[in-house]
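Architecture at a glance
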Amino acid sequence: MILELLKNRVSQALVAAFGEELAGVDPLVVPASNPRFGDYQSNVALSLPKQLKQNPRAIAQQIADNIDITNICQTPEIAGPGFLNFTLLASYLATRLKDIQTDSRLGVEIAKNPQRTVIDFSSPNIAKEMHVGHLRSTIIGDSIARILEFRGHDVLRLNHVGDWGTQFGMLIAYLREAYPKALTTADALDLGDLVSLYKKAKVRFDEDEQFRENSRQEVVKLQAGAEDSRHAWQLLCNQSRREFQTIYDLLKIELKERGESFYNPLLTGVVEELSNQGLLAESEGAKCVFLEGFQNKKGEPLPLIVQKSDGGYNYATTDLAALNYRVQQDGAQRIIYVTDTGQANHFAGVFQVARRAGMVSERVEVVHVPFGLVLGPDGKKLKTRSGETVRLRDLLAEAVSRARKDLEVRLEKEGRQEEEEFIADVARVVGMGAVKYADLSQNRTSDYIFSYDKMLALQGNTAPYMLYAYVRVQGISRKGKIDFENLTEDEKINLAETEELVLGKHILQLSEVLAEVEQDLLPNRLCQYLFELSQKFNLFYDRCPILKATEPQRTSRLILADLTARTLKLGLSLLGMEVLERM
RNA sequence: GGGUGCGUAACUCAGUGGAUAGAGUAGCUGCCUUCUAAGCAGCGAGUCGUAGGUUCAAAUCCUACCGCACCCGCCA
């Protein structure tokens, strides 16, 4: 990583110029804020005047005098109040590009300390359909998992499905009175029916005291392991599971189901442990742990309820059990929860209690990765025209169908004839890519406005724009009958034109960006990088003829184009997106 | 009422201590006998919600206030 290299060199120069006491100082090297200032800058001289009793420009000068960057950068420039600017040499860039040409990882290092990482994402509820509310968790969680996996971490992707609790008592109780057959026969109902039944059951639950009592009895029976209840529950779960799987298949997302029910046998132990630790209190009949730093309306400490007054457990208990299991049994060193921001308080509470109870040591990082809502064009929570929650399969199907229409219009306009298979495949890749990219390219934490038109737009920061950049390179390969894999290794890269230089530099920054995303868990940084890469490539493509160039420039440019395409393909794959040869 | 997050160009958004705050869209203007113009270049557009504070340096950190969203003991 070039950034890492420069940091080391600046650190060494600091020691050489000012002595050992500067050894631990952060060299403050960052990519240049503006291309006019070169490629990287160190701001460290600005932070040292007090300590060194010298003015910042003089400090910068001494760093410059002592730094060893021959063959890497031009002589560093001191600018403004004391910025130290570095401009990479074209020859150095060419060497580095040559290095990654034969590297399938494109220069991205494996993490120095691979971590056992659990990512908890997607997590739909059994007996309900996946809807727009699951979109972001699923897409963001998958992307984070892919990035960490690529960096060499040992990732366990867990689908913490809602397959337990009150809702099942309710549902089974309702089915028992209304559709007893559904409890004994597989697939007697389809999931759509199940969802509407769920709603009816909910209405009954809210209205009818006797029904509420029946539901509670069903939960008790289920949790006690009664044969017919278990069987009914299994049928419901299997049916939902298959439905979920069709969506995961479409999105090409893999994850391991380990639902809430998995932790059921561990719940009493959690409460016992909290009691042993002296953390448990009783309030209004419920067992809870009072949180530090959280207060209710009256200024009293807020409780985290772990056992309800009726003796039942709730999601806090399950989450504590899961956390404990993930640390103890899964050996997790980093645990990532991808859920909406609305659950921030809940997780803060759970994490705090887990720490205080000693379930999670300081060595384990537990982090909530929150994301904002998906809004409609009106700026409110996305709904269908009739005001219903948008089903995920409808949303995805709509994206594909719109992508297909766009393509067909273009084929018509350009007088192209294509096979059905080609059309269907392009529509799928573009549609899925558009949905995923639109989501991932936003800063996770804020809400975003969902718009098919924007995400499928052919211009702008969209999936189609980037897919097109990739397609352009493949077009060159076809037209010139070039096999990129067989470009001779002894051909040189020569970054003569500005566009080549700019593109080459950007290609080499992938590993820096991924290292950042690995820390911040913000995939939009990777999106930004890939968008800029596409822009820089398009400019290069516009200004620098490739197939028509004379040697040795021709081969040099072919290598550059190939590296761009491979970087795009790799980067997009880390976002969970596919590429196309033609579109 | 308390908590959390957000408030940046007409619109959608980047930018979590560094130089003159960026991109895309929309609008206007150029560039296709040339590797897919699904592209490229140029132009206009901002009191970074408001007011203080910390710092050599603040959109970024702190405090207060205004506005919006979400959450707030037995749903997850």
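In what follows, the accompanying structure is described. (Residues numbered from 1 in each chain as written. Chains lettered and ligands numbered in written order. Predicted model: local features only at pLDDT ≥ 70, side-chain atom pairs only at ≥ 80, totals over all residues. Heavy atoms only, no water.)

Take the sheet that holds strand E9 (residues 286-295) next. In sheet architecture, strand pairing relies on hydrogen bonds along the backbone and comes in two forms, parallel and antiparallel. In space, the 3 strands of this open sheet follow the order E8-E9-E10, with antiparallel pairing throughout. Edge positions in the sheet fall to strand E8 (280-283) and strand E10 (301-307), since each of these pairs with one other strand and no more. Along the sheet, successive strands turn relative to each other by an average axial angle of 55 degrees, direction set aside. Sheet analysis places E8 next to E9, joined by 4 bridges and oriented antiparallel. By the bridge assignment, Ser283 is partnered in E9 with Ala286. (Pairing = 2+ DSSP bridges. Helix = DSSP H or I, 4+ residues; strand = E, 2+ residues; numbered from the N terminus. Axes fitted to C-alpha atoms, helices over the stretch in contact; angles between N-to-C directions.)

Moving on, we come to the pairing of strand E12 (residues 365-371). With 6 of 7 residues buried, E12 lies mostly within the body of the structure. Relative to E12, strand E11 (residues 334-340) runs parallel, the two being bridged by 7 bridges. Bridge pairing in E12 links Tyr337 to His368. Crossover connection from E11 via helix H13 (residues 344-356) to parallel E12: handedness right-handed. (Buried < 20%, exposed > 50% of the residue type's maximum accessible area, 1.4 Å probe, protein only. Right-handed = clockwise from strand over helix to strand, strands pointing away.)

A word on the protein's contact with RNA strand B. Contacts to RNA strand B come from 65 residues, most closely from Glu260, Lys308, Arg410, Tyr468 and Tyr541. Backbone atoms, meaning sugar and phosphate, make up 59% of the atoms of RNA strand B lying within 4 Å of the protein. Taking Asp542, its side chain carries an N or O atom lying 3.0 Å from a sugar or linking oxygen of RNA strand B. Listed by contribution, the elements that provide at least two residues to the surface near RNA strand B are helix H2 (44-47), strand E4 (83-86), E9, E10, strand E14 (448-449), helix H17 (463-479) and helix H20 (524-543). By residue number, the principal contributor to the surface near RNA strand B is H20, which donates 10 residues. Tallied by class, the residues present in the surface near RNA strand B amount to 26 nonpolar, 23 polar and 16 charged. (Near = heavy atom within 4 Å. Polar contact = N/O pair within 3.5 Å; in protein donor to acceptor, adjacent residues only side chain to side chain. Nonpolar A, V, L, I, M, F, W, Y, C, P; charged D, E, K, R; others polar.)

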